[in-house]
Amino acid sequence: MQHPTTSPKKARDRFIVNHLISVSLSMLLILYLSLVIIQQTETINTTPLIISSAVLLAIAISICYSLTFSLSITQKVNEINERLSLLAEGRIPGKIKITNSDKHISGVALNNLIDQIKTASDVAERIGRGELDIMYDQQQDNNILLRSLKSMHEKLSSSAMESNRRNWITTGLANFGDIVRTGNSNLNELCQRVLSNLIKYIKASQGQLFIIKNENGEEYLELTATYAWDKIKYDDKKIQKGDGLAGQAWIEASTIYLKEVPGDYMKITSGLGQALPGHLLIVPLRLSEEVFGLVEIASFNKMEAHEIEFVEKLGEMLASTFSSLQVSERTKGLLEQSQQHAEELRAQEEEMRQSMEELTAIQEEMARKDMEMSGQLMAINNSMASIEFSMDGYVITANERFLRFTGYALDEIRGKHHRFFIDEEYASSVDYADFWKKLKNGLAQSGEFKRRVKNHKTVWISASYTVVTDKYGAPCKVIKFALDITAQKLKALDFEGQINAVNRTMAVIEFDTQGNVLSANDAFLNTMDYASNQVVGAHHRIFMDAKEVENDEYKKFWSDLKKGVAKTGEFKRFARNGNPVWINASYTPIKDTEGVVYKVVKFAQDITKEKLKAVEFEGQASAIDRTMAAIEFDLNGKILNANENFLQITGYLKDQVVGNHHSIFVHPLEKESGEYREFWYNLRAGIPQVGEFRRFGKSGKTIWISASYTPIKDASGKVSKVIKFAQDITRDKIRSVDFEGQIHAVNNTMAAIEFNLQGEIVHANSNFLTTMGYSLSEITGKHHRMFVEPALADSQEYRMFWNDLRNGKARTGEFKRYGKNQKEVWINASYTPIKDLEGNVYKIMKFAQDVTEEKLDAVNFAGQINAIRKSNAVIEFDMEGKILFANDIFLEAMGYKNADEVLNKHHSIFVPDFEVQSREYKKFWERLESGEFFSGEFKRKKANGESIWIYGSYNPILSLEGRPYKVVKYAQIVRKSEQEISHESLVTS
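Keep in mind the model is a prediction, meaning the values are calculated, not measured.

A. View of the overall build of the chain. When helices and strands are tallied, the chain shows 34 helices and 33 strands. Residue burial in the chain is summarised as follows: out of 989 residues, 38% are buried. Put simply, of all contacts in the chain between residues at least 6 apart along the chain, 48% involve residues at least 24 apart. Only carbon and sulfur atoms are counted for the fraction: they give 52% of the accessible area of the chain, which is about 57,700 Å².

B. Representation of the pattern of salt bridges within the structure. One pass over the structure, following the stated rule, counts 23 salt bridges. The partner of Glu-838 in a salt bridge is Lys-450, and the shortest N-O contact between them spans 2.9 Å. You can see Glu-838 sitting in the loop between strand E27 (824–835) and strand E28 (841–850) and its partner Lys-450 sitting in strand E11 (residues 445–452), a full 388 residues away along the chain. In this structure Lys-450 comes out as partly exposed when scored by relative accessible area, which is 31%.

C. Layout of the sheet that holds strand E15 (residues 517–520). The sheet built from five strands is open, its strands ordered E15-E14-E18-E17-E16 with antiparallel pairing. Both outer strands of the open sheet, E15 and strand E16 (567–574), are each paired with one neighbouring strand and no more. Adjacent strand axes in the sheet meet at a mean angle of 30° when their direction is disregarded. As paired elements, strand E14 (residues 506–511) and strand E18 (residues 597–606) share six bridges and run antiparallel to each other. From the neighbouring strand, Ile-509 faces E18, where its bridge partner is Lys-602.

D. Highlighting the sheet that holds strand E10 (residues 395–398). Overall, antiparallel pairing links the five strands, which are arranged E10-E9-E13-E12-E11 in an open sheet. The sheet is open, and its two edges are formed by E10 and E11, each paired on a single side. Strand-to-strand, the axes of this sheet are offset by a mean angle of 30°, without reference to chain direction. The sheet contact formed by E11 and strand E12 (residues 458–469) spans eight bridges and is antiparallel. Directly across from Arg-452, in E12, lies its bridge partner Thr-458. Of the strands in this sheet, strand E9 (385–390), E11, E12 and strand E13 (475–484) are in contact with helix H14 (residues 430–440), which crosses E11 at around 135°.

E. Local environment of unusual backbone geometry. You will see that Asn-455, though not glycine, has its phi angle at about 65°, which is positive. Among the residues examined, Asn-455 registers a relative accessible area of 71% and is labelled exposed. Although it is not a glycine, Asn-821 sits at a positive phi angle of roughly 65°. Mapping Asn-821 onto the fold places it in the loop between strand E26 (811–818) and E27.

F. A negative patch on the surface, seen in detail. A cluster of acidic residues, Asp-850, Glu-853, Glu-854 and Asp-857, forms a negative patch at the surface. Counting through the fold element by element, Glu-854 comes out in helix H30 (residues 852–871).

G. The arrangement of empty space enclosed by the protein in detail. Under the criterion given, the structure shown has four cavities of 30 Å³ or more. Its volume calculated, the largest cavity comes out at about 80 Å³. Along the walls of the largest cavity sit Ala-629, Phe-646, Ile-649, Thr-650, Phe-665, Arg-695, Phe-696, Ile-703, Ile-705, Lys-724 and Ala-726, which together make up its complete lining. Contributions of two or more residues to the lining of the largest cavity are made by helix H21 (644–650), strand E21 (689–696), strand E22 (702–713) and strand E23 (719–728). Among the elements that make up the lining of the largest cavity, the one with the highest residue count is H21 (three residues). Its residues placed into classes, the lining of the largest cavity shows eight nonpolar, one polar and two charged.

H. Representation of H14 in the model. Every buried residue of H14 is accounted for by Tyr-432, Phe-435, Trp-436 and Leu-439. In an axial view of H14, the angular spread of the buried residues amounts to 85°, which keeps them on one side of the axis. Away from its buried face, by an angle of more than 90 degrees, H14 presents the exposed residues Val-430, Asp-431 and Lys-437. The elements touched by buried residues of H14 are E9, helix H13 (424–427), E11, E12 and E13. Gly-442 sits one or two positions beyond H14 and adopts a positive phi of about 90°.

I. How the structure looks around the pairing of strand E30 (residues 883–886). Relative to E30, strand E29 (residues 873–878) is paired through three bridges, and the arrangement is antiparallel. Bridged to Phe-877 within E30 is Ile-883.

J. Region of the structure containing the environment of Ile-753. Tracing the chain through its elements places Ile-753 in strand E24 (residues 751–755). By relative accessible area, which is 1% here, Ile-753 ends up buried. Taking the C-alpha atoms as reference points, Ile-753 and Leu-769, 16 residues apart in sequence, are found 9.0 Å from one another. Not counting residues within four places of it along the chain, the set of residues in contact with Ile-753 comprises Ile-761, His-763, Ala-764, Phe-768, Ile-779, Phe-787, Ile-844, Met-845 and Lys-846.

K. Highlighting the pairing of strand E8 (residues 290–299). Counting buried positions over the ten residues of E8 gives nine, a clear majority of the element. As paired strands, strand E1 (residues 206–215) and E8 are joined by six bridges and run antiparallel to one another. Bridging from a neighbouring strand, Phe-210 pairs with Leu-294 of E8. The sheet contact formed by strand E7 (residues 279–287) and E8 spans nine bridges and is antiparallel. Within the sheet, the bridge partner assigned to Leu-285 lies in E8 and is Gly-293. Hairpin connection, E7 to E8: the antiparallel pair is bridged by two residues, and Ser-288 has positive phi, about 60°.

L. How the structure looks around the packing of aromatic side chains. One pass over the structure, following the stated rule, counts 50 aromatic pairs. When the centroid spacing of 5.9 Å and the interplanar angle of 85° are considered together, the rings of Phe-557 and Trp-558 count as edge-to-face. For Trp-558, a relative accessible area of 6% corresponds to the buried category. With 6.1 Å between their ring centres and 80° between their planes, Tyr-896 and Phe-910 make a pair best called edge-to-face. A residue pair is termed long-range when its members are at least 10 positions apart, and Tyr-896 in the loop between helix H31 (888–893) and helix H32 (913–916) and Phe-910 in the loop between H31 and H32 qualify at 14 residues. Classification of Tyr-896 by relative accessible area gives buried; the value is 14%. Members of the aromatic cluster, joined through ring pairs, are Phe-389, Tyr-426, Tyr-432, Phe-435, Trp-436, Phe-449 and Tyr-465. Positioned above the aromatic ring of Tyr-220, the side-chain terminus of Lys-238 is 4.7 Å from the ring centre.

Calculation notes
Residues numbered from 1 in each chain as written. Predicted model: local features only at pLDDT ≥ 70, side-chain atom pairs only at ≥ 80, totals over all residues. Heavy atoms only, no water. Helix = DSSP H or I, 4+ residues; strand = E, 2+ residues; numbered from the N terminus. Buried < 20%, exposed > 50% of the residue type's maximum accessible area, 1.4 Å probe, protein only. Contact = heavy atoms within 4.5 Å. Areas by Shrake-Rupley, 256 points an atom, 1.4 Å probe, with all protein chains shown as cover. Salt bridge = Lys/Arg side-chain N within 4 Å of Asp/Glu carboxyl O. Pairing = 2+ DSSP bridges. Axes fitted to C-alpha atoms, helices over the stretch in contact; angles between N-to-C directions. Patch = residues over 30% accessible without salt bridge, like charges linked within 9 Å, V, L, I, M, F, W, Y side chains within 5 Å. Lys, Arg positive; Asp, Glu negative; His and termini not counted. Charge placed at Lys NZ, Arg CZ, Asp CG, Glu CD. 1 Å grid on protein atoms, 1.4 Å probe; cavity = no way out; pocket = protein on both sides within 12 Å on 5 of 7 lines; lining within 4 Å. Points joined across faces, edges and corners; volume = space filled by probe spheres on them. Nonpolar A, V, L, I, M, F, W, Y, C, P; charged D, E, K, R; others polar. Arc of directions from axis to C-beta. Phe/Tyr/Trp six-rings, centres within 6.5 Å; stacked < 30°, edge-to-face > 60°. Lys NZ or Arg CZ within 6 Å of the ring centre and 35° of its normal.

Nothing here speaks to function; it is all geometry.
Structure (structure tokens):
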């Protein structure tokens, strides 16, 4: 058990108190003894002793009082010390309780200190929680700690505000960076998108964007994009340097910000009128010291410094983009010029021939490395129709898929011109001539095309025409890859995977033995983007990376050349714009007659495109992987890999299929069949398998795919694996079955007959033949007029009937036709023109139902109804009692001159007023609405107000759904005598 310890201060105070008590008691004891002695010795002079005793008593009383006072002071000091100790430890104690009797400065000061520290602690805690909107008590301005926290709080608020502005700028630049990266193919569209988003981002009102153009050596600003701007101010869309504020900003290459806009400068127009903007910002699009354009923004609101800074940084980004586009345009022009020098390079000396042989060896090595990628291209070729043409458009060869698709044999089309597959009108058009002109210029063509195959059948293909160049970069043939999109009516996947042949040109440059350039031909200068005076006299290192120049390997490179050691291989060099250029080159030391090297000649070929060829192949493979389901197998059918599209179609995860056999996707019976074994035997033999296949997913769900299984060969020509590209056609397959079911159902329930455009019968189903009493052989090839009466067949109406059908206008209705032996047949039929893929009508389908019996019944009923209407008063109402029809007999009986007086009025006009308001009258119409029939004698009111008695029947007429939709009333006038009427009135009373 632990005992509480006593603090040193309390022990000291206890010791002092005990000591004082002991002294006081001792003095009191001495006083007592003195008094006793006085009583015992009365003879002794006691005056001095009494005085001494009084003194001792006074001292004892003083000591007691001091003791009490010191205890009170000590207690308060201890309380103060304890609270100061807690403050020293970083804790906030409670305040000292102070009464009026013991109020002292130190206690009050300590309580004030505790209050100030607690207040500062609360403020610090709120700042720590991120609360920056804190209100301070002005009475505590003398609190040093609180003032320090307030200063820190203000700096944090300022820092947070500045951070938000930085984040706003960074986020905006990132967003606009995405816009620039994804939309720089069309400059005008890019500028419009950037300007629209910029005005919205900085919450301005108007804006316009200019780009610097150069025409005949004269530069000007051209208006490229506007946002909510009045274009009348810049009708010609051009601003010369120095014209207006925009031209001045161009000259100074600096930002102009106006807080007061001249009254005639612009107006912002809205539905409420026009207003002058309060602020105008003009920012040049500047990169380094070069201006590429400028943006002009008007706003009602003040533009903050960080917003102006953002627009300036965006201007730098746009300037960089425009600069890159200009460089690309110049590079494209230089590449076109390089092709013109191809012929000159063929006349090089024996040294060049030797270098080309060495370069050829290197290229053959590259070809072997690219064979794997070529296998994937072969897979694409096996899954698509392809055909090759000469540059004049004549067929060279075509693959089996193309021949099956068009229905031709290769001998039937080899040597034929491409126009053999198109209609004559397009073949003679300017567009077709331009199509081949572009191909001859090396421009690939792709898209959807209408073509004509065997038997003049029109088809649609999604195709790409790719120009292939020879080793000198000259176009030598055109390869077309195509997908048949006729049957499925779907856009084929865009296989932009064909490799454009690379234009190869030789570049020549000469150096002295120190590496200084002596001369360079145009091909080299174009390749490296230099002018002759920029390289002649300069050292070879200008084409090198700065770090590479300093290493020992580069020094040895030139040391070996001086010794006569030639250098060949692939080298990475840098053009004037800093872009890397890969070349196949030979550095050949040239010796004089004494065998001393006096210069070095370098023959080079730009292989930058070839170097990137592998990346392009990977990109094509990646594009196919993103759009089609793909899976790889070894030659035994074991799964090596599968892409995400394939896994989504089948419902498997990747680790659930890799390592398993292809047979997990087929039916167990198919797995054991001879056809399945032959399927894999053919693949191992290098024979592709293409078609529609039924497969099974993870849950056993049936999947239909259109797929090509392509054997991939290695460098030695042996099949190493199988790649399958597939499309999920399950939905199309189900839709096809559904259509077939619907057509079958129609054929089972309706009479159907098919005509050509001349009206001649092509086919008829059994229902039609039964209805008309013919056999198929009796009507095939006969004209439709055999079913109509001669007068109609020779009429203009009948000719117009067939003209409308040939023009694509369907005809429906009831028709009277004649079957075998002139049997009269009434049919409810639809004649439907059927169109081909070009929208041209090529046949007529008629679907019909025999309504002869219904027609005869309708005629019979119509005759009966007509007879009734001629002898009875007849009136019709809708279900709300509104009059729809009344015959003359009814109108005459009720005293009306014509039907217009009663049509669309309520039945209540014939009913006495007291009855109209009765419950029985409402119930009368409710029962009619429910379909209940009424008949009897009714008292009605004529047009002149007189009463009339009729005998009538109210007959609800039902729709096809069995619901009443109108009421027909048949009535006869009852002539009653006054006695009968009076008698009935009496009985009623």
